[in-house]
Protein chains: 4
Amino acid sequence: MSKGVNKVILIGHLGADPEVRYAATGNAMTTLNVATNENWLDKQTNQWQTRTEWHRVVMFARLAEVAGQYLRKGSQVYIEGRLQTRKWQDQSGTERYTTEIVANEMQMLGGRGEGAPNMPPDAAQQGNQSYAAPAVSAAPAGYSSGGNNYNYPPSGAPAAPARPATASSPPPSDFDDDIPF
Amino acid sequence: MSKGVNKVILIGHLGADPEVRYAATGNAMTTLNVATNENWLDKQTNQWQTRTEWHRVVMFARLAEVAGQYLRKGSQVYIEGRLQTRKWQDQSGTERYTTEIVANEMQMLGGRGEGAPNMPPDAAQQGNQSYAAPAVSAAPAGYSSGGNNYNYPPSGAPAAPARPATASSPPPSDFDDDIPF
Amino acid sequence: MSKGVNKVILIGHLGADPEVRYAATGNAMTTLNVATNENWLDKQTNQWQTRTEWHRVVMFARLAEVAGQYLRKGSQVYIEGRLQTRKWQDQSGTERYTTEIVANEMQMLGGRGEGAPNMPPDAAQQGNQSYAAPAVSAAPAGYSSGGNNYNYPPSGAPAAPARPATASSPPPSDFDDDIPF
Amino acid sequence: MSKGVNKVILIGHLGADPEVRYAATGNAMTTLNVATNENWLDKQTNQWQTRTEWHRVVMFARLAEVAGQYLRKGSQVYIEGRLQTRKWQDQSGTERYTTEIVANEMQMLGGRGEGAPNMPPDAAQQGNQSYAAPAVSAAPAGYSSGGNNYNYPPSGAPAAPARPATASSPPPSDFDDDIPF
DNA sequence: TTTT
DNA sequence: TTTT
């Protein structure tokens with residue numbers, strides 16, 4: 001049944017430039033690392049602290065292309081999407097899980113001037129691929145859209161933790177274009 | 001500073017009864033497994049399919065107690081909260097990440113009559129522990145509220161996958177009450 | 001440009017059966033009256049009070065038809081949409097304003113069994129008529145989609161308050177099908 | 001019952017400087033006029049058009065003070081709140097309705113540098129006055145918080161339309177501090 | 001790894 | 001009345 005709501009809304013800044021990949025079909029997939037900050041009062045010290053949460057955001061098709069074109073490290077963005085947890089196997093064969101936000105809407109915020117061209121008016125929203133699949137699929141070919149496990153990182157890739165503890169452990173970056181994503 | 005929005009909204013059904021734990025201080029923490037369903041049209045077969053996404057929801061203090069008291073497997077709920085990814089170590093010492101929704105609001109939906117008493121009027125919302133910490137902390141003692149890594153499951157526990165592949169692999173359930181959560 | 005977010009999320013109950021109208025083109029428009037309740041603590045008396053807010057929700061095309069078919073007075077619904085204020089003239093020629101939620105998603109909640117058939121899987125979401133207009137327009141013919149003032153109630157109709165004080169003052173109901181909505 | 005969700009999320013720009021008022025008790029109330037823009041494709045001309053929607057946002061207490069201090073005409077803001085329609089009487093004694101967003105969270109977006117000092121970390125969120133009233137009430141004294149009709153504009157004031165057609169018909173601005181708001 |  |  002269509003009973004269910006799964007919605008995420010983020011406003012944050014990119015910790016790095018977008019990563020854009022292309023499937024053999026030409027479909028784009030972009031991943032963003034988005035930081036959301038919040039402040040909380042430490043009752044012990046009575047001081048304000050900042051907590052940063054990092055989010056892995058993925059987007060497809062036209063939205064992916066626009067993100068790759070207009071966003072940069074430091075850009076402030078509004079993201080709307082849904083939560084999705086997918087299973088993958090690390091190099092030791094262990095099943096691991098990564099939770100991502102699959103974006104269906106994006107807005108570039110602030111950042112007036114600073115050299116970046118403006119996003120085109122038709123770029124802000126993805127036809128929601130969940131409920132009513134758009135004419136041009138938002139998911140790349142080779143992506144088994146019916147399940148949670150569109151299999152990236154591919155087998156044989158180095159372990160790619162969902163949230164790397166340090167910069168030395170980068171997000172998945174060695175995808176094979178022939179085995180898309 | 002306080003620039004940032006990190007918001008999740010879910011409507012779904014519980015896949016199991018809530019799990020309630022108590023810290024040594026008496027503070028409650030409840031975890032829910034919430035399924036959100038959506039339908040998508042398989043273009044190949046031209047048939048409607050259902051995709052289920054499972055979400056791990058955690059809540060503290062009064063909200064946790066109310067959830068434990070009024071929700072049951074199958075209950076339909078509205079959840080509002082924020083995304084949080086925490087790091088933990090599995091039994092092999094490998095760092096793993098689990099993404100959860102930390103709820104600050106909950107509404108029990110539908111289910112009129114059916115034996116379950118109604119939730120009390122003051123139960124619906126948690127003082128948001130992120131921005132303005134409530135007088136009675138929403139986070140249990142023993143929970144290092146300043147970071148992302150409030151450390152459960154504890155070291156030494158069996159691996160608890162973020163999203164079990166089957167029912168045979170339950171969510172973390174063998175926490176030690178003396179080392180809360 | 002496409003900088004802007006205008007989003008409303010409601011969960012409430014219908015105060016009356018949906019009102020469905022059809023444009024000359026056959027396009028449907030449905031209006032719902034949705035009550036959202038919240039509780040607040042009266043500090044004077046230290047007692048919990050209930051506050052009810054009424055919302056006028058409008059929807060078009062397929063979503064409008066589904067709402068008319070499956071919702072009834074008392075139904076619990078999830079609504080997602082955008083705010084829109086339109087101008088109209090009452091019988092004295094005075095300009096008046098009505099704020100509505102233009103729905104693009106709807107979920108029927110709870111109400112298991114009770115005689116009502118389930119909503120079809122493709123009914124939950126409207127192609128968002130704002131950003132990327134759907135193939136079948138979500139707006140009825142005769143509706144000047146570019147502005148805020150699609151002119152109902154029509155001139156000459158009795159005054160129709162945005163939010164009637166009592167049930168004796170119903171929402172606009174005497175629309176002329178030839179001058180749609 | 002606590003069954004109900006009434007949530008609005010806006011990102012837009014201020015059409016004018018905030019209007020700040022103070023009750024006799026010293027409590028602040030600020031109103032914002034926020035424009036949200038969206039683009040839609042005119043099928044007739046195959047051209048992109050912009051539609052602007054104006055929103056009346058009200059906020060109280062600390063949030064009201066911060067808005068008055070840091071926001072200006074043109075500022076980009078994120079607003080989260082609830083819809084509220086209140087009844088008032090125009091000078092002819094006719095009942096009129098105005099729908100507002102009562103904000104409980106606000107974020108200033110973009111606008112780096114440009115002379116404006118930053119918002120303090122504790123300013124972003126209002127204790128939600130609906131569900132669990134904060135220690136310092138978010139509603140000004142003199143405001144009958146139990147109903148929808150906190151009576152401004154006061155009787156005897158010139159008519160103040162919810163959404164003035166032109167700038168010559170300003171938002172309510174002649175409140176009497178002794179009859180707060 | 002972001003931002004203020 | 002905003003913004004891009």
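Residues numbered from 1 in each chain as written. Chains lettered and ligands numbered in written order. Predicted model: local features only at pLDDT ≥ 70, side-chain atom pairs only at ≥ 80, totals over all residues. Heavy atoms only, no water.

Going by an unreviewed UniProt entry, chain A carries the name Single-stranded DNA-binding protein and comes from Thioflexithrix psekupsensis. Looking at the Function (unreviewed entry) heading of the UniProt record, one finds this comment for chain A: "Plays an important role in DNA replication, recombination and repair. Binds to ssDNA and to an array of partner proteins to recruit them to their sites of action during DNA metabolism." Word for word, the UniProt comment on chain A under Subunit (unreviewed entry) is "Homotetramer." (UniProt positions renumbered as here; feature names shortened; annotations may be inferred.)

Draft legend 1. Structural context of the confidence of the model for chain A. Residues and elements named next belong to chain A. Considering every residue of chain A, the mean pLDDT works out to 73; 62% of them sit at 70 or more. The low-confidence segment residues 128-151, where pLDDT is below 50, has 72 contacts with residues more than four positions distant or belonging to other chains. Note on residues 153-181: pLDDT is under 50 here. Beyond four places in sequence and across chains, it has 61 contacts. (pLDDT = per-residue confidence, 0-100. Contact = heavy atoms within 4.5 Å.)

Draft legend 2. Geometry of the environment of Ser-75 of chain C. Residue and element names in this part refer to chain C. By secondary structure assignment, the location of Ser-75 is in the loop between helix H1 (61-70) and strand S5 (76-89). Considered as a pair, Ser-75 and Gly-15 are 60 residues apart in the sequence and their alpha carbons are 8.5 Å apart. When sequence neighbours within four positions are dropped, the list of residues in contact with Ser-75 reads Gly-12, His-13, Leu-14, Tyr-70 and Met-108. (Helix = DSSP H or I, 4+ residues; strand = E, 2+ residues; numbered from the N terminus.)

Draft legend 3. Local environment of unusual backbone geometry. Unlike most non-glycine residues, Asn-46 of chain A shows phi in positive territory, near 55°. Looking at the secondary structure, you find Asn-46 of chain A in the loop between strand S3 (28-42) and strand S4 (47-60).

Draft legend 4. The pattern of salt bridges, seen in detail. Residues and elements named next belong to chain D. Scanning the entire structure with this criterion turns up 36 salt bridges over all chains. A salt bridge links Lys-87 to Glu-95; its shortest N-O distance comes to 3.8 Å. On the accessibility criterion, Lys-87 (28% relative accessible area) is partly exposed. When its relative accessible area of 34% is taken as the criterion, Glu-95 is described as partly exposed. (Salt bridge = Lys/Arg side-chain N within 4 Å of Asp/Glu carboxyl O. Buried < 20%, exposed > 50% of the residue type's maximum accessible area, 1.4 Å probe, protein only.)

Draft legend 5. Structural context of the side chain of Thr-85 of chain B. Turning to its location among the elements, Thr-85 of chain B is positioned in strand S5 (residues 76-89). Within polar-contact distance, the side chain of Thr-85 of chain B engages the side chain of Thr-99 of chain B at 2.9 Å. (Polar contact = N/O pair within 3.5 Å; in protein donor to acceptor, adjacent residues only side chain to side chain.)

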